[in-house]
Number of protein chains: 2
Amino acid sequence: MSLLVTGTIAIDTIKTPHGISEDCLGGAAVYFSMAASFFSPVRLVGVVGDDFSFNLAEVFAGRDVDLTGMETRAQSKTFRWTGLYHENMDDRTTERTELNVLAEAPPKVPEAFKDSEYVFLANTAPAIQLGLLEQVEKPTFVAADTMNLWIQNHLTDLKTLLKKIDCLIINEDEVRMLADEFNLIIAARKILDMGMNLIVIKKGESGSILCNANGDIFILPAYPADEVKDPTGAGDCFAGGLMGYLAKSGKTDFETLKTAIAFGTVVASFAITDFSLNGLASTNRANIDKRLDMLRNTTRF
Amino acid sequence: MSLLVTGTIAIDTIKTPHGISEDCLGGAAVYFSMAASFFSPVRLVGVVGDDFSFNLAEVFAGRDVDLTGMETRAQSKTFRWTGLYHENMDDRTTERTELNVLAEAPPKVPEAFKDSEYVFLANTAPAIQLGLLEQVEKPTFVAADTMNLWIQNHLTDLKTLLKKIDCLIINEDEVRMLADEFNLIIAARKILDMGMNLIVIKKGESGSILCNANGDIFILPAYPADEVKDPTGAGDCFAGGLMGYLAKSGKTDFETLKTAIAFGTVVASFAITDFSLNGLASTNRANIDKRLDMLRNTTRF
């Protein structure tokens, strides 16, 4: 099935206890696309400025990532983000955000992408996510990410969005904020009451939780990583592995979702081993499958 | 196999967002004993003062908990602890600690308990744990708990203890402190190098991790509890379920340890549903087995 992602293409500067990576390629749509491409073709929609010096066709060489939806806007500047990771590698401080082209009109979904069946709306203002989603004719399965900023300041738009998607994929802190409830199981139920059928709670090094509106729950620990150099994009890689596997399977029943979450977990575990996209770029599907078996053995009793 | 626990018997005052329980029964050895008693007979060693008004024989009625090792010391006062749980129910502040009888000579292991095969040394000064362990003639499997206070101020004693036990069962914050390392997998390896063969890392609502010196890893999420009234003693109940199941099985291979950890997880999930020992007291082995199956289904893919 076709898989569309809308989201940022960024130039990141990342500081971790393991080193600094200046002006490297980043952005949710980029991480997502590379992660999903291990499983399925991907259609990318995003916008950069004319200062963008990376060649995404080269970055994605050998992968089925369609860049028709990537707009390079003249006289605009690419979105830039500078983040500092703390010693625990889970907490980070955003040192600087330059919205640049993201403060302008969003990109459009190209005609050729309008029949996309699986859609991931990476984190941005919910009004923009809604606008992008409206351009897709008859999506089969729509997942979205969001963040504290939109929960605090754009809650009405966000609640409109939640009624139009199938699955929300967000961090545990955002779950607690959106539900106004600390207990994650109760919070998940409160959020499911807002509209969609599925929620995936990302808990960083503690894994993830999937809940559906029927009360089914799946909990998976993170892969036990002893090599974490740069967690940037881990959540988008998780979503990419998850959505890529679903699009490939063409199914979204609970059992398929469980396996999809396991693949998302494993793909993210490769992404964090190196700066920017290097961790993902240097692995392959055979390694991913092998690590999936290890994760299964590590969690089965 | 026989199972011995040494540890505190306490009078607790517990404040949570769900209410206050004043002067209720608590203490690591008490929680552990009740949890372990679902699986195995338990021998309890602990000391109280003459102000102790609870009748442990009644508390443990119908359970095989041998109180021969419980000393009531005249003209001493029982250990008292007052704790305040924060909204997230994982973090707590100790408002008051009255060591009382714990500041005096520790209790002795009775003659009839010296042949104990499985031993759990609940949290106290490592020198006291060592003194108690020395009174057991030929233990088969020894597990111990410890805390930040001993890691910071009694590290030499603690490192002596770690060479004499088989399994350390501690919180993730203590793991990081003891290993001086944030990554839990690396930290576990560093601690295993200090002597024992097994470490179990307790992560509260995020479950637990078991590592052995061969590099085997087992990770289990917590049971998805939507009813948390009082987390006091959850860690000791986890250890109680774990050790009770091991003592009952008479085996400590990795597969048996995995199941033991799952039982510890489930028993703890009942303990936190009510104040003091009420959550444990109102369940039974059939409920525990049922919840174990649910936990298995919730984590399997």
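Here, every reference points to the structure presented above.
Residues numbered from 1 in each chain as written. Chains lettered and ligands numbered in written order. Predicted model: local features only at pLDDT ≥ 70, side-chain atom pairs only at ≥ 80, totals over all residues. Heavy atoms only, no water.

Draft legend 1. Inspection of the interface of chain B and chain A at higher detail. Taken residue by residue, the interface counts 33 residues in chain B and 34 residues in chain A. A buried area of about 2,900 Å², summed over both sides, lies between chain B and chain A, and 56% of it is on carbon and sulfur atoms. In terms of surface lost to chain A, no three residues of chain B exceed F182, I219 and F301 of chain B, which account for 27% of the buried area on that side. Counting the contacts that link chain B with chain A gives 6 salt bridges. Close ionic contact of R176 of chain B with E205 of chain A constitutes a salt bridge, the shortest N to O distance being 3.2 Å. Joining chain B to chain A, the criterion identifies 21 residue pairs in polar contact (both at pLDDT 80 or more). Among the elements of the structure, helix 6 (172-179), helix 7 (184-192), strand 13 (217-220), helix 9 (254-271) and helix 11 (285-299) of chain B are those that each provide at least two residues to the side of chain B that touches chain A. Residue contributions to the side of chain B that touches chain A peak at 6 residues, all from helix 11 of chain B. Among the residues forming the side of chain B that touches chain A, the class breakdown is 17 nonpolar, 6 polar and 10 charged. (Contact = heavy atoms within 4.5 Å. Buried area = accessible area lost by both parts, 1.4 Å probe. Salt bridge = Lys/Arg side-chain N within 4 Å of Asp/Glu carboxyl O. Polar contact = N/O pair within 3.5 Å; in protein donor to acceptor, adjacent residues only side chain to side chain. Helix = DSSP H or I, 4+ residues; strand = E, 2+ residues; numbered from the N terminus. Nonpolar A, V, L, I, M, F, W, Y, C, P; charged D, E, K, R; others polar.)

Draft legend 2. Just helix 9 (residues 254-271) of chain A, in detail. Relative to the 26 Å expected for 18 residues at 1.5 Å per residue, helix 9 of chain A spans 25 Å between its end C-alpha atoms, a close match to the ideal helical length. Counting buried positions along helix 9 of chain A gives 17 out of 18 residues, so the element sits mostly inside the fold. (Expected span 1.5 Å × (residues − 1). Buried < 20%, exposed > 50% of the residue type's maximum accessible area, 1.4 Å probe, protein only.)

Draft legend 3. A look at the pairing of strand 10 (residues 167-171) of chain A. Residues and elements named next belong to chain A. Most of strand 10 sits inside the fold, with 4 of its 5 residues counted as buried. One ladder, built from 5 bridges, connects strand 10 with strand 11 (residues 198-202); its direction is parallel. Residue pairing for strand 11: C167 is matched across the bridge by L198. (Pairing = 2+ DSSP bridges.)

Draft legend 4. Region of the structure containing the packing of helix 8 (residues 234-249) of chain A against helix 9 of chain A. Residue and element names in this part refer to chain A. Direction vectors running N to C along helix 8 and helix 9 enclose 140 degrees, while the axes themselves pass 7 Å from each other. Between helix 8 and helix 9, the crossing angle belongs to the class labelled oblique. Between helix 8 and helix 9 the crossing geometry is right-handed. Listed contacts from helix 9 to A234, C237, F238, G241, L242, Y245, L246 and S249 of helix 8 are T256, L257, T259, A260, I261, F263, G264, T265, V267, A268 and A271. Tallied by class, residues from the contact of helix 8 with helix 9 come to 13 nonpolar, 6 polar and no charged. (Axes fitted to C-alpha atoms, helices over the stretch in contact; angles between N-to-C directions. Parallel < 35°, antiparallel > 145°, perpendicular 65-115°, else oblique. Left-handed = near helix turned anticlockwise from the far one by under 90°.)

Draft legend 5. Spatial organisation of the pairing of strand 11 (residues 198-202) of chain B. Residue and element names in this part refer to chain B. A large share of strand 11 lies buried, amounting to 5 of its 5 residues. Where burial is concerned, the two faces of strand 11 agree: the one with L198, V200 and K202 and the one with I199 and I201 are both buried. Judged from the 5 bridges that link them, strand 11 and strand 12 (residues 208-212) form a sheet pairing that is antiparallel. In the strand pairing of strand 12, L198 is matched with N212. Here strand 11 hands over to strand 12 after 5 residues, with G204 in that stretch at a positive phi of 55 degrees.

Draft legend 6. Up close: the relation of the copies chain B and chain A. For these two chains of identical sequence, chain B goes onto chain A by a turn of 180 degrees and a shift of 0.0 Å along the axis, with RMSD 0.0 Å. Here the transformation between the copies is reduced to the relation of a two-fold axis. Same-surface contact between copies: 100% of interface residues of chain B are shared with the interface of chain A. (Least-squares fit on C-alpha atoms with pLDDT ≥ 70 in both.)

Draft legend 7. Here's a closer look at unusual backbone geometry. All names here are of chain A. A positive phi is found at D180, a non-glycine position, where the angle reads about 55 degrees. Assignment of secondary structure puts D180 in the loop between helix 6 (172-179) and helix 7 (184-192). In this structure D180 comes out as exposed when scored by relative accessible area, which is 65%.

Draft legend 8. Inspection of the packing of aromatic side chains at higher detail. Enumeration according to the criterion identifies 14 aromatic pairs over all chains in this entry. Relative to F218 of chain B, the ring of F301 of chain A has its centre 6.3 Å away and its plane inclined at 75 degrees; by these criteria the two rings are edge-to-face. In this pair, F301 of chain A sits in the segment after helix 11 (285-299) while F218 of chain B sits in strand 13, so the two residues belong to two different chains. The same class applies to F301 of chain A and to F218 of chain B, which are both buried. Among the aromatic residues, those joined into a ring-pair cluster are F39, Y245 and F263 of chain A. Stacked on the ring of F38 of chain B, the Lys or Arg R63 of chain B has its end atom at 4.9 Å from the ring centre. (Phe/Tyr/Trp six-rings, centres within 6.5 Å; stacked < 30°, edge-to-face > 60°. Lys NZ or Arg CZ within 6 Å of the ring centre and 35° of its normal.)

Draft legend 9. Focus on the pattern of salt bridges. Inspection of every chain in the model, using the stated rule, returns 34 salt bridges over all chains. For the salt bridge of R80 of chain A with D23 of chain A, the shortest nitrogen-to-oxygen distance reads 3.2 Å. Of this pair, R80 of chain A sits in strand 6 (residues 79-85) while D23 of chain A is found in strand 3 (residues 19-26), placing the two residues 57 residues apart along the sequence. For R296 of chain B, the salt bridge identified is with D293 of chain B, shortest N-O distance 3.5 Å. In this pair, R296 of chain B and D293 of chain B both sit in helix 11, 3 residues apart, roughly one turn of the helix. For D293 of chain B, a relative accessible area of 42% corresponds to the partly exposed category.

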